[in-house]
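This is what each chain is made of:
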Amino acid sequence: MLLLGLRSCLTHCRAPSLRFIHTADTKSSTLWKHSIQKRWKSTISDVVPPSRVAVPNATANRTVGRWLLLCSGMVGGAVLLGGVTRLTESGLSMVDWHLIKEMKPPANDEEWVAEFEKYQQFPEFKILNRDMTLNEFKFIWFMEYSHRMWGRAVGLAYILPALYFWRKGWFSRAMKGRVLFLCGFVCFQGLLGWYMVKSGLEEKPDSYDVPRVSQYRLAAHLGSALVLYCASLWTGLSLLFPRQKVYQCILCAEGEERKSSPAVFPIMPWNPAYIIKVFLSLFSGAFVAGLDAGLVYNSFPKMADRWIPDDLLAFTQPSRTSLRIQQLYSSIIASL
(Lines give C-alpha, C1' and ligand atoms only; values in the text may rest on other atoms or scores of the structure.)
Protein backbone atom coordinates (compact mmCIF):
# COMPACT_ATOMS: atom_id res chain seq x y z
CA MET A 1 0.00 0.00 0.00
CA LEU A 2 2.84 2.36 0.82
CA LEU A 3 4.43 1.80 -2.61
CA LEU A 4 1.12 2.37 -4.40
CA GLY A 5 0.60 5.62 -2.55
CA LEU A 6 4.12 6.82 -3.38
CA ARG A 7 3.58 5.98 -7.07
CA SER A 8 0.28 7.92 -7.24
CA CYS A 9 1.93 10.92 -5.59
CA LEU A 10 4.76 10.98 -8.17
CA THR A 11 2.23 10.65 -11.00
CA HIS A 12 0.22 13.65 -9.78
CA CYS A 13 3.37 15.74 -9.35
CA ARG A 14 4.77 14.89 -12.80
CA ALA A 15 2.07 16.68 -14.83
CA PRO A 16 2.43 20.10 -13.09
CA SER A 17 6.20 19.97 -13.35
CA LEU A 18 6.10 19.23 -17.09
CA ARG A 19 3.53 21.95 -17.60
CA PHE A 20 5.77 24.42 -15.76
CA ILE A 21 8.76 23.55 -17.92
CA HIS A 22 6.88 23.97 -21.18
CA THR A 23 5.15 27.20 -20.18
CA ALA A 24 8.23 28.91 -18.74
CA ASP A 25 9.75 31.62 -20.87
CA THR A 26 13.09 31.21 -22.64
CA LYS A 27 15.12 33.26 -20.16
CA SER A 28 14.01 31.36 -17.11
CA SER A 29 14.48 27.98 -18.80
CA THR A 30 18.02 28.97 -19.85
CA LEU A 31 18.87 29.99 -16.32
CA TRP A 32 17.38 26.76 -15.04
CA LYS A 33 19.48 24.71 -17.47
CA HIS A 34 22.66 26.59 -16.53
CA SER A 35 22.03 25.98 -12.86
CA ILE A 36 21.47 22.28 -13.48
CA GLN A 37 24.67 22.04 -15.56
CA LYS A 38 26.70 23.90 -12.95
CA ARG A 39 25.37 21.65 -10.20
CA TRP A 40 26.16 18.58 -12.34
CA LYS A 41 29.76 19.69 -12.98
CA SER A 42 30.36 20.43 -9.32
CA THR A 43 28.99 17.01 -8.43
CA ILE A 44 31.27 15.30 -10.97
CA SER A 45 34.33 17.17 -9.72
CA ASP A 46 33.52 16.04 -6.19
CA VAL A 47 33.16 12.43 -7.28
CA VAL A 48 36.27 12.19 -9.51
CA PRO A 49 39.44 11.62 -7.45
CA PRO A 50 42.10 14.36 -7.59
CA SER A 51 44.60 12.07 -9.39
CA ARG A 52 42.27 11.74 -12.42
CA VAL A 53 41.63 15.47 -12.84
CA ALA A 54 43.38 16.90 -15.92
CA VAL A 55 46.43 19.03 -15.23
CA PRO A 56 46.32 22.58 -16.63
CA ASN A 57 48.08 22.99 -19.98
CA ALA A 58 50.62 25.46 -18.63
CA THR A 59 51.78 23.11 -15.89
CA ALA A 60 51.93 20.13 -18.25
CA ASN A 61 53.85 22.07 -20.91
CA ARG A 62 56.33 23.34 -18.34
CA THR A 63 57.00 19.82 -17.03
CA VAL A 64 57.31 18.28 -20.49
CA GLY A 65 59.56 21.12 -21.65
CA ARG A 66 61.97 20.63 -18.75
CA TRP A 67 62.01 16.90 -19.44
CA LEU A 68 62.98 17.47 -23.07
CA LEU A 69 65.70 19.93 -22.06
CA LEU A 70 67.12 17.30 -19.71
CA CYS A 71 67.04 14.74 -22.53
CA SER A 72 68.84 17.10 -24.90
CA GLY A 73 71.52 17.68 -22.27
CA MET A 74 72.00 13.93 -21.91
CA VAL A 75 72.36 13.60 -25.69
CA GLY A 76 75.02 16.32 -25.61
CA GLY A 77 76.81 14.41 -22.86
CA ALA A 78 76.70 11.26 -24.97
CA VAL A 79 78.36 13.12 -27.85
CA LEU A 80 81.14 14.39 -25.57
CA LEU A 81 81.65 10.94 -24.06
CA GLY A 82 81.77 9.41 -27.53
CA GLY A 83 84.48 11.90 -28.50
CA VAL A 84 86.56 10.96 -25.47
CA THR A 85 86.05 7.29 -26.30
CA ARG A 86 87.39 7.87 -29.79
CA LEU A 87 90.37 9.92 -28.59
CA THR A 88 91.39 7.07 -26.28
CA GLU A 89 90.91 4.56 -29.14
CA SER A 90 88.46 2.57 -27.05
CA GLY A 91 85.55 2.23 -29.47
CA LEU A 92 86.46 -1.25 -30.74
CA SER A 93 87.21 -2.84 -27.37
CA MET A 94 83.74 -4.40 -27.02
CA VAL A 95 83.41 -6.76 -29.96
CA ASP A 96 79.78 -7.80 -29.50
CA TRP A 97 76.51 -6.09 -28.74
CA HIS A 98 73.71 -7.31 -26.48
CA LEU A 99 70.99 -5.03 -25.16
CA ILE A 100 70.70 -6.63 -21.71
CA LYS A 101 73.54 -9.14 -21.40
CA GLU A 102 76.42 -6.70 -21.76
CA MET A 103 75.07 -4.40 -19.05
CA LYS A 104 76.87 -6.57 -16.50
CA PRO A 105 80.66 -6.08 -16.69
CA PRO A 106 83.09 -8.95 -16.06
CA ALA A 107 83.10 -9.82 -12.37
CA ASN A 108 86.32 -11.85 -11.98
CA ASP A 109 89.67 -12.52 -13.64
CA GLU A 110 88.35 -15.47 -15.66
CA GLU A 111 85.64 -13.36 -17.27
CA TRP A 112 88.14 -10.61 -18.01
CA VAL A 113 90.52 -13.06 -19.65
CA ALA A 114 87.67 -14.45 -21.76
CA GLU A 115 86.69 -10.93 -22.84
CA PHE A 116 90.31 -10.12 -23.66
CA GLU A 117 90.62 -13.28 -25.74
CA LYS A 118 87.59 -12.27 -27.79
CA TYR A 119 89.20 -8.89 -28.43
CA GLN A 120 92.43 -10.58 -29.58
CA GLN A 121 90.59 -12.19 -32.49
CA PHE A 122 89.89 -8.86 -34.21
CA PRO A 123 92.08 -6.61 -36.38
CA GLU A 124 92.70 -3.84 -33.85
CA PHE A 125 94.60 -6.15 -31.54
CA LYS A 126 96.39 -8.00 -34.34
CA ILE A 127 97.66 -4.85 -36.04
CA LEU A 128 97.74 -2.08 -33.44
CA ASN A 129 97.66 -3.50 -29.90
CA ARG A 130 99.66 -6.70 -30.01
CA ASP A 131 101.58 -5.70 -26.87
CA MET A 132 98.51 -4.65 -24.86
CA THR A 133 98.23 -5.97 -21.31
CA LEU A 134 95.08 -7.00 -19.51
CA ASN A 135 95.02 -3.83 -17.40
CA GLU A 136 95.32 -1.64 -20.48
CA PHE A 137 92.48 -3.56 -22.05
CA LYS A 138 90.32 -2.96 -18.98
CA PHE A 139 90.76 0.79 -19.37
CA ILE A 140 89.61 0.96 -22.99
CA TRP A 141 86.87 -1.56 -22.29
CA PHE A 142 85.42 0.56 -19.48
CA MET A 143 85.57 3.65 -21.69
CA GLU A 144 83.42 1.97 -24.35
CA TYR A 145 81.23 0.40 -21.66
CA SER A 146 80.49 3.80 -20.09
CA HIS A 147 79.57 5.20 -23.50
CA ARG A 148 77.14 2.38 -24.21
CA MET A 149 75.60 2.51 -20.75
CA TRP A 150 75.13 6.25 -21.04
CA GLY A 151 73.36 5.63 -24.34
CA ARG A 152 71.00 3.20 -22.62
CA ALA A 153 70.34 5.79 -19.91
CA VAL A 154 69.46 8.32 -22.62
CA GLY A 155 66.99 5.85 -24.14
CA LEU A 156 65.31 5.25 -20.78
CA ALA A 157 65.19 9.01 -20.11
CA TYR A 158 63.18 9.40 -23.31
CA ILE A 159 60.91 6.36 -23.21
CA LEU A 160 59.86 5.99 -19.56
CA PRO A 161 58.75 9.60 -18.93
CA ALA A 162 57.07 9.63 -22.35
CA LEU A 163 54.93 6.66 -21.35
CA TYR A 164 54.03 8.34 -18.05
CA PHE A 165 53.12 11.68 -19.65
CA TRP A 166 51.17 9.92 -22.39
CA ARG A 167 49.08 8.07 -19.83
CA LYS A 168 48.47 11.30 -17.94
CA GLY A 169 47.16 12.91 -21.09
CA TRP A 170 49.71 15.72 -21.11
CA PHE A 171 50.48 15.45 -24.84
CA SER A 172 48.48 17.15 -27.53
CA ARG A 173 47.95 15.43 -30.86
CA ALA A 174 50.90 17.27 -32.43
CA MET A 175 53.11 16.59 -29.41
CA LYS A 176 52.34 12.87 -29.57
CA GLY A 177 53.81 12.73 -33.05
CA ARG A 178 56.94 14.55 -31.94
CA VAL A 179 57.41 12.33 -28.92
CA LEU A 180 57.01 9.19 -31.03
CA PHE A 181 59.63 10.53 -33.42
CA LEU A 182 62.09 11.31 -30.59
CA CYS A 183 61.66 7.94 -28.88
CA GLY A 184 61.97 6.06 -32.15
CA PHE A 185 64.98 8.10 -33.20
CA VAL A 186 66.86 7.46 -29.97
CA CYS A 187 66.41 3.70 -30.52
CA PHE A 188 67.62 4.10 -34.09
CA GLN A 189 70.65 5.99 -32.76
CA GLY A 190 71.67 3.02 -30.62
CA LEU A 191 71.40 0.60 -33.52
CA LEU A 192 73.35 2.97 -35.74
CA GLY A 193 76.11 3.11 -33.14
CA TRP A 194 76.56 -0.66 -33.25
CA TYR A 195 76.40 -0.60 -37.05
CA MET A 196 79.27 1.90 -36.96
CA VAL A 197 81.38 -0.17 -34.54
CA LYS A 198 80.81 -3.28 -36.62
CA SER A 199 82.57 -1.68 -39.58
CA GLY A 200 85.78 -1.46 -37.56
CA LEU A 201 85.67 -5.14 -36.58
CA GLU A 202 85.60 -6.49 -40.12
CA GLU A 203 88.61 -8.35 -41.48
CA LYS A 204 90.23 -6.68 -44.48
CA PRO A 205 92.81 -9.05 -45.98
CA ASP A 206 94.12 -6.52 -48.50
CA SER A 207 94.76 -3.82 -45.90
CA TYR A 208 97.06 -3.76 -42.89
CA ASP A 209 96.33 -0.18 -41.99
CA VAL A 210 95.22 0.90 -38.52
CA PRO A 211 91.66 -0.45 -38.07
CA ARG A 212 89.04 2.27 -37.94
CA VAL A 213 85.31 2.52 -38.34
CA SER A 214 83.76 3.70 -41.57
CA GLN A 215 83.86 7.48 -41.82
CA TYR A 216 80.42 7.44 -43.45
CA ARG A 217 78.87 5.51 -40.57
CA LEU A 218 80.69 7.71 -38.07
CA ALA A 219 79.30 10.83 -39.76
CA ALA A 220 75.81 9.31 -39.81
CA HIS A 221 76.06 8.44 -36.10
CA LEU A 222 77.19 11.94 -35.16
CA GLY A 223 74.71 13.62 -37.50
CA SER A 224 71.77 11.68 -36.08
CA ALA A 225 72.86 12.63 -32.55
CA LEU A 226 72.89 16.29 -33.58
CA VAL A 227 69.40 15.96 -35.07
CA LEU A 228 68.13 14.32 -31.88
CA TYR A 229 69.75 17.01 -29.73
CA CYS A 230 68.35 19.90 -31.79
CA ALA A 231 64.86 18.40 -32.04
CA SER A 232 64.65 17.83 -28.28
CA LEU A 233 66.05 21.28 -27.46
CA TRP A 234 63.75 23.05 -29.92
CA THR A 235 60.64 21.22 -28.73
CA GLY A 236 61.47 21.80 -25.07
CA LEU A 237 62.06 25.53 -25.55
CA SER A 238 58.88 25.82 -27.62
CA LEU A 239 56.90 24.44 -24.69
CA LEU A 240 58.61 26.58 -22.06
CA PHE A 241 58.52 29.75 -24.16
CA PRO A 242 55.52 29.69 -26.51
CA ARG A 243 55.51 32.01 -29.49
CA GLN A 244 52.77 34.20 -28.06
CA LYS A 245 54.92 34.85 -25.00
CA VAL A 246 58.12 35.43 -26.89
CA TYR A 247 56.63 38.07 -29.18
CA GLN A 248 55.05 40.40 -26.68
CA CYS A 249 53.58 43.82 -27.24
CA ILE A 250 55.48 46.50 -25.36
CA LEU A 251 54.81 50.18 -24.89
CA CYS A 252 57.18 52.45 -26.78
CA ALA A 253 58.45 55.72 -25.47
CA GLU A 254 56.04 57.53 -27.81
CA GLY A 255 53.13 55.61 -26.34
CA GLU A 256 52.65 53.37 -29.37
CA GLU A 257 52.49 49.60 -29.23
CA ARG A 258 54.82 47.51 -31.32
CA LYS A 259 55.96 43.91 -31.36
CA SER A 260 59.32 43.28 -29.82
CA SER A 261 61.98 41.04 -31.26
CA PRO A 262 62.42 37.64 -29.59
CA ALA A 263 64.68 38.82 -26.80
CA VAL A 264 63.92 35.76 -24.68
CA PHE A 265 66.58 33.76 -26.56
CA PRO A 266 69.55 36.13 -26.94
CA ILE A 267 71.99 33.24 -27.53
CA MET A 268 69.87 31.35 -30.06
CA PRO A 269 70.28 32.63 -33.63
CA TRP A 270 67.27 32.10 -35.84
CA ASN A 271 69.17 32.48 -39.10
CA PRO A 272 68.80 29.17 -41.04
CA ALA A 273 72.08 29.78 -42.89
CA TYR A 274 73.94 29.97 -39.59
CA ILE A 275 72.38 26.73 -38.36
CA ILE A 276 73.27 24.95 -41.61
CA LYS A 277 76.89 26.14 -41.38
CA VAL A 278 77.25 24.88 -37.81
CA PHE A 279 75.72 21.52 -38.73
CA LEU A 280 78.00 21.11 -41.75
CA SER A 281 81.03 22.05 -39.67
CA LEU A 282 80.22 19.40 -37.07
CA PHE A 283 79.26 16.87 -39.71
CA SER A 284 82.53 17.34 -41.62
CA GLY A 285 84.43 16.85 -38.38
CA ALA A 286 83.27 13.24 -38.40
CA PHE A 287 84.95 12.70 -41.78
CA VAL A 288 88.12 14.39 -40.54
CA ALA A 289 88.19 12.11 -37.48
CA GLY A 290 87.25 9.01 -39.44
CA LEU A 291 90.04 9.48 -41.98
CA ASP A 292 92.61 10.90 -39.53
CA ALA A 293 92.74 13.90 -41.83
CA GLY A 294 93.71 16.16 -38.96
CA LEU A 295 97.19 14.61 -38.98
CA VAL A 296 98.01 15.76 -42.52
CA TYR A 297 99.32 19.13 -41.34
CA ASN A 298 100.95 19.60 -37.96
CA SER A 299 100.64 23.39 -37.86
CA PHE A 300 97.74 25.60 -36.83
CA PRO A 301 96.02 27.74 -37.95
CA LYS A 302 97.99 27.65 -41.19
CA MET A 303 98.54 24.45 -43.18
CA ALA A 304 102.15 24.02 -44.33
CA ASP A 305 102.71 27.70 -43.50
CA ARG A 306 99.89 28.71 -45.84
CA TRP A 307 96.24 29.49 -45.39
CA ILE A 308 95.49 27.51 -48.56
CA PRO A 309 98.06 24.71 -49.03
CA ASP A 310 99.78 24.26 -52.39
CA ASP A 311 98.90 20.56 -52.56
CA LEU A 312 95.19 21.11 -52.01
CA LEU A 313 94.25 19.58 -55.36
CA ALA A 314 97.31 17.37 -55.75
CA PHE A 315 96.75 13.65 -56.15
CA THR A 316 99.58 11.22 -56.94
CA GLN A 317 99.15 7.56 -57.74
CA PRO A 318 101.63 5.37 -55.82
CA SER A 319 104.20 3.62 -57.97
CA ARG A 320 104.40 -0.15 -58.38
CA THR A 321 107.62 -0.23 -56.39
CA SER A 322 106.06 1.49 -53.41
CA LEU A 323 103.08 -0.84 -53.60
CA ARG A 324 105.33 -3.91 -53.62
CA ILE A 325 107.30 -2.59 -50.68
CA GLN A 326 104.10 -1.95 -48.78
CA GLN A 327 102.80 -5.45 -49.53
CA LEU A 328 106.12 -7.01 -48.46
CA TYR A 329 106.06 -5.03 -45.22
CA SER A 330 102.45 -6.01 -44.55
CA SER A 331 103.20 -9.70 -45.13
CA ILE A 332 106.13 -9.53 -42.69
CA ILE A 333 103.92 -7.91 -40.05
CA ALA A 334 101.21 -10.50 -40.61
CA SER A 335 103.62 -13.39 -40.19
CA LEU A 336 104.93 -12.20 -36.83
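Residues numbered from 1 in each chain as written. Predicted model: local features only at pLDDT ≥ 70, side-chain atom pairs only at ≥ 80, totals over all residues. Heavy atoms only, no water.

1. Quick look at the packing of helix α7 (residues 173-200) against helix α8 (residues 215-240)
- Axis separation between α7 and α8 bottoms out at 9 Å; the angle between their running directions is 160 degrees. Of the possible angle classes, the one that applies to α7 and α8 is roughly antiparallel. For α7 against α8, the interelement crossing comes out left-handed.
- Partitioned by chemical class, the residues of the contact of α7 with α8 number 15 nonpolar, 7 polar and 3 charged. (Axes fitted to C-alpha atoms, helices over the stretch in contact; angles between N-to-C directions. Helix = DSSP H or I, 4+ residues; strand = E, 2+ residues; numbered from the N terminus. Parallel < 35°, antiparallel > 145°, perpendicular 65-115°, else oblique. Left-handed = near helix turned anticlockwise from the far one by under 90°. Nonpolar A, V, L, I, M, F, W, Y, C, P; charged D, E, K, R; others polar.)

2. Quick word on the UniProt feature "transmembrane region" (unreviewed entry) in the protein chain
- Residues given the UniProt feature "transmembrane region" (unreviewed entry) here are residues 67-87, 149-167, 179-197, 217-241 and 274-297.
- Within residues 67-87, the helical portion is 100% and the strand portion 0%, while the C-alpha atoms at the span's ends are 31 Å from each other.
- Helix makes up 96% of residues 217-241 and strand makes up 0%, while its end C-alpha atoms are separated by 36 Å. (UniProt positions renumbered as here; feature names shortened; annotations may be inferred.)

3. Here's the deal with the pattern of salt bridges
- This structure, assessed with the given rule, holds 6 salt bridges.
- Across the pair Arg148 and Glu102 runs a salt bridge whose closest N-O atoms are separated by 3.0 Å. Note that Arg148 is positioned in helix α6 (residues 134-168) and Glu102 in the loop between α3 (57-87) and α4 (109-119), a separation of 46 residues in sequence.
- Among the residues examined, Arg148 registers a relative accessible area of 9% and is labelled buried.
- Glu102 gets classed as buried once you look at its relative accessible area, which sits at 8%.
- One salt bridge in this structure joins Arg152 and Glu102, with 2.8 Å as the shortest N-O distance. A residue pair is termed long-range when its members are at least 10 positions apart, and Arg152 in helix α6 and Glu102 in the loop between α3 and α4 qualify at 50 residues. (Salt bridge = Lys/Arg side-chain N within 4 Å of Asp/Glu carboxyl O. Buried < 20%, exposed > 50% of the residue type's maximum accessible area, 1.4 Å probe, protein only.)

4. Regarding the confidence of the model for the protein chain
- Taken over all residues, the pLDDT of the protein chain has a mean of 77, while the share at 70 or more is 67%.
- The element-level mean pLDDT for the protein chain is lowest in strand β1 (residues 249-251), coming to 41, with α6 highest at 95.
- Note on residues 247-269: pLDDT under 50 across the span, and 26 contacts to partners over four residues away in sequence or across chains. (pLDDT = per-residue confidence, 0-100. Contact = heavy atoms within 4.5 Å.)

5. With respect to the packing of aromatic side chains
- The full count for this structure, using the stated rule, is 23 aromatic pairs.
- On the basis of an interplanar angle of 55 degrees and a centroid distance of 5.4 Å, the ring pair of Trp112 and Phe142 is categorised as tilted. Of this pair, Trp112 sits in helix α4 while Phe142 sits in helix α6, and the two are 30 residues apart along the sequence.
- Members of the aromatic cluster, each reached through a chain of ring pairs, are Trp112, Phe116, Tyr119, Phe125, Phe137, Trp141, Phe142 and Tyr145. (Phe/Tyr/Trp six-rings, centres within 6.5 Å; stacked < 30°, edge-to-face > 60°.)

6. Section: the nonpolar core
- Core analysis: the biggest nonpolar cluster contains 23 residues, and Val64, Trp67, Tyr158, Phe171, Val179 and Leu228 have the highest contact counts within it.
- Sorting the residues of this core by element identifies α3, α6, α7 and α8 as the ones contributing at least two each.
- If one sorts the elements of this core by residue count, α3 sits on top with 7 residues.
- If we ignore the near neighbours within four places in the chain, the residues touching Trp67 are Ala157, Tyr158, Pro161, Ala162, Phe165, Phe171 and Val179.
- Core analysis: the next-biggest nonpolar cluster, separate from the first, contains 19 residues, Met132, Phe137, Ile140 and Ala286 among them. (Core = buried A, V, L, I, M, F, W, Y, C linked by side-chain atoms within 4.5 Å.)

7. Thoughts on the environment of Leu237
- The topology assignment puts Leu237 in helix α8.
- By relative accessible area, which is 13% here, Leu237 ends up buried.
- Residues Leu237 and Gly65, spaced 172 residues apart in sequence, show a C-alpha to C-alpha distance of 6.4 Å.

8. Thoughts on the side chain of Arg152
- The exposure class assigned to Arg152 is buried, which follows from its relative accessible area of 14%.
- Contacts of Arg152, omitting those with residues within four sequence positions, involve Trp97, His98, Leu99, Glu102 and Met103.

9. Here's the deal with unusual backbone geometry
- In this structure, Pro301 follows Phe300 across a cis peptide bond, with omega equal to 5 degrees.
- Turning to its location among the elements, Pro301 is positioned in the loop between α10 (272-290) and α11 (320-335).
- Backbone geometry places Glu89, a non-glycine residue, at a positive phi of 55 degrees.

10. Some remarks on the environment of Glu102
- Along the chain, Glu102 and Tyr145 lie 43 residues apart, while their C-alpha atoms are 8.6 Å from each other.
- Not counting chain neighbours up to four residues away, the residues in contact with Glu102 comprise Met94, Asp96, Trp97, Tyr145, Arg148 and Arg152.
- Looking at Glu102, its side chain comes within polar contact range of the main-chain nitrogen of His98, at 3.4 Å. (Polar contact = N/O pair within 3.5 Å; in protein donor to acceptor, adjacent residues only side chain to side chain.)

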